[in-house]
Amino acid sequence: MIGTLNLPAQFRLDLPFQQDASGRFLPWIIALMVYLAAMGGIGLIWLSDALNQWNASLASSLTLQVPADVSQPRIEMALGALKQTKGVVSARLLQPEETSKLLQPWLGNSVAVATLPLPHLVDIRIDPQATIDYTTLRQQLDSIVPNAQLDNNRSWLGTVRDFAVRIEGVITAGVIAVTALIVAIIIFAARIGLAIHRSVIELLHLLGARDAYIARQFQVHALSLGLRGGVIGGAAAALTVMVLGPAGRMLELPMPINTHGLLDWRIWLLIVVVGLAAGGIAMATARITVLRQLARMP
Amino acid sequence: MVRLENIGKRYGTDAEILHDVSLKLDDGGFYFLTGSSGAGKTTLLKIIYLAERPSHGLVTLFDTDTSAADRATHTALRRRIGIVFQDFRLVEHLSVRDNVALPLRIAGAPEREIRENVPELLGWMGLEGKLDFRPATLSGGEQQRVAIARAIVRRPDLLIADEPTGNVDDEIAMLLVRVFERINKLGTTVLIATHDVAFARQFSHRRYHIDRGVVSIASEAADADMA
């Protein structure tokens, strides 16, 4: 004997989907797809944040490299010239220990940095809104300190931007591939479902069911599978972000993953949207597939 | 109500199963379709309840030429027909209550109406204690009554029963025909297919007989020949 469940008519299933093997493995496959799509999206957010951070810091700074053998008075003259330049907010000569710290990731602690003929570095802060004539400034500095190099970081930032655009392209292609895979899996599952339940579908037709009535059964089932996959995949993505936060801090990763983590509302929004989208895509795919197949039946 | 004109049916290149079948079922009539196993009864019924299309000929249901009708019209016509299948075709994972409610839900009937009417009908069929049972747990006779309840729950204009008396003893078979007669009195046209000519002869209803795909109006003489 079985109890009755008073579900709303649009969610009531006449077809025995719970007996299908697809109901057991599909949510996990969709979960994996959702996880990959969510992590791809989160990666895009982090990459965009990192670019913006770098852009903001580099747009307001310049670096002047002065050869190691240049005398202190000439350096002072160069600093004076910089401070008088319109748009320059400050110019400060980095101390040897600061330069050493910058080189530490490459040279380590064991090397006696002080003994190396390192160039002097001048950290220049500029007003990002100001227009600086770099050609004139370079000529002026060259007349004071020959062979000094004024680096406005733009070529480096351009390279990073180009690289980031490529990474964004790869991630976007990955998300599109994942979406296509969900569509393909649902089409496959819907066709198998139609074959498995053919006798009940024929019965429903003979009892006067419209194609839309039968398609709705598959839609509801696909929505349920998609949402289950969405919840599992979304939870896994949230867990990953949670773990990556402390890990990022521990490894001192130069990305914003160690700053916001799950406190970033955009991450939550993305996970929810991707999870719901999985359900929506699964539902729409099932509906279209089933309606097309049913139209071929007598 | 139902008019078949020169219906023929063959599957692929096989021999024709039905040959130039013509018959007419009037509104409110009660008919038997007799014929031995393999004579073409089920194929003929399938054509009437729109599960099959004839290879040639004209099928008119409720004044609608079905060959010219679109998919939506076929669905509308099917909703006016109740079918008791030979093998019952109950949905195994649904309860007795939900099996009988199926035609109502398909037609979009309100749940309140389903909650009231389905138990009442099942009570009338003597299944009041079996509402939440699954078909597999019922006896053959009980499953048959569920199938009949599902066929009549929407008060169809035409009720078709394929061998409803095939698997029951004479007493139950007689009771079933009495049930169909009560439904017929409410205005439903009834067509019962049976291989048992002698059983059908016990009633005064009009009989069609099918033999090797050819349908004729049965007569006492024909029955005698059959015997």
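Quick caveat, the model's predicted, so the values are computed rather than measured.

All right, on to the overall build of chain A then. Per the secondary structure count, chain A includes 8 helices and 4 strands. Along chain A, helices (α) and strands (β) appear in the sequence α-β-α-β-α-β-α-β-α-α-α-α when read from the amino end. Burial analysis of chain A (298 residues in total) assigns 42% to the buried set. Long-range pairs, those at least 24 residues apart, make up 85% of the contacts in chain A between residues at least 6 apart in sequence. For chain A, the exposed area adds up to about 16500 Å²; of that, 64% sits on carbon and sulfur atoms.

Residue and element names in this part refer to chain B. As a packed pair, helix H3 (residues 96-106) and helix H4 (residues 111-124) sit with axes 10 Å apart at the nearest point and diverge in direction by 125 degrees. By the criterion of interaxial angle, the relationship of H3 to H4 is oblique. For the pair H3 and H4, the sense of crossing is right-handed. Contacts between H3 and H4 pair Val 96, Arg 97, Val 100, Ala 101, Leu 104 and Arg 105 from the former with Glu 111, Glu 113, Ile 114, Val 118, Pro 119, Leu 121 and Leu 122 from the latter.

By a widely used convention, the size of an interface equals the accessible area lost when the partners come together. Counting from both sides, the interface comprises 26 residues of chain B and, opposite them, 27 residues of chain A. In total, chain B and chain A occlude about 2400 Å² of area from one another, counting both sides; carbon and sulfur atoms represent 57% of this. For chain B, the biggest contributors to the area lost against chain A are Arg 71, His 93 and Ile 106 of chain B; these three give 26% of the whole. Between the two partners, chain B and chain A, sit 2 salt bridges. Of all the secondary structure elements, the ones that give two or more residues to the side of chain B that touches chain A are helix H2 (71-78) and H3 of chain B. A per-element tally of the side of chain B that touches chain A places H3 of chain B first, with 6 residues. Within the side of chain B that touches chain A, the residues separate by chemical class into 11 nonpolar, 3 polar and 12 charged.

Okay, the nonpolar core next. If you look at the biggest cluster of nonpolar residues, it comprises 79 residues, and the most contacted ones within it are Phe 218 of chain A together with Leu 4, Leu 44, Leu 61 and Leu 158 of chain B. For this core, the element with the highest residue contribution is helix H1 (residues 22-59) of chain A, accounting for 10 residues. With near-sequence residues (within four places) excluded, Leu 4 of chain B lies in contact with Val 21, Ser 22, Leu 23, Leu 44, Ile 48, Leu 58 and Val 59 of chain B.

This paragraph deals with a nonpolar patch on the surface. Residues and elements named next belong to chain A. A surface patch of nonpolar side chains, amounting to about 340 Å² of accessible area, comprises Trp 106, Leu 107 and Leu 116. Here Trp 106 is to be found in helix H3 (residues 96-107). Residue classification places Trp 106 among the exposed residues on the basis of a relative accessible area of 71%.

Given a rise of 1.5 Å per residue, 13 residues ought to cover 18 Å, and the 19 Å separating the end C-alpha atoms of helix H5 (residues 140-152) of chain B matches this to within 8%. Burial runs high along H5 of chain B: 10 of the 13 residues are buried. If you check which residues of H5 of chain B are buried, you get Glu 142, Gln 143, Gln 144, Val 146, Ala 147, Ile 148, Ala 149, Arg 150, Ala 151 and Ile 152 of chain B. In the core, the buried residues of H5 of chain B are packed alongside helix H6 (198-206) of chain A together with strand E6 (81-84), H3, H4, strand E7 (158-162) and helix H6 (170-185) of chain B.

What counts, and at which threshold
Residues numbered from 1 in each chain as written. Chains lettered and ligands numbered in written order. Predicted model: local features only at pLDDT ≥ 70, side-chain atom pairs only at ≥ 80, totals over all residues. Heavy atoms only, no water. Helix = DSSP H or I, 4+ residues; strand = E, 2+ residues; numbered from the N terminus. Buried < 20%, exposed > 50% of the residue type's maximum accessible area, 1.4 Å probe, protein only. Contact = heavy atoms within 4.5 Å. Areas by Shrake-Rupley, 256 points an atom, 1.4 Å probe, with all protein chains shown as cover. Axes fitted to C-alpha atoms, helices over the stretch in contact; angles between N-to-C directions. Parallel < 35°, antiparallel > 145°, perpendicular 65-115°, else oblique. Left-handed = near helix turned anticlockwise from the far one by under 90°. Buried area = accessible area lost by both parts, 1.4 Å probe. Salt bridge = Lys/Arg side-chain N within 4 Å of Asp/Glu carboxyl O. Nonpolar A, V, L, I, M, F, W, Y, C, P; charged D, E, K, R; others polar. Core = buried A, V, L, I, M, F, W, Y, C linked by side-chain atoms within 4.5 Å. Patch = residues over 30% accessible without salt bridge, like charges linked within 9 Å, V, L, I, M, F, W, Y side chains within 5 Å. Expected span 1.5 Å × (residues − 1).

Fair warning: the whole summary comes from geometry, so function is off the table for now.
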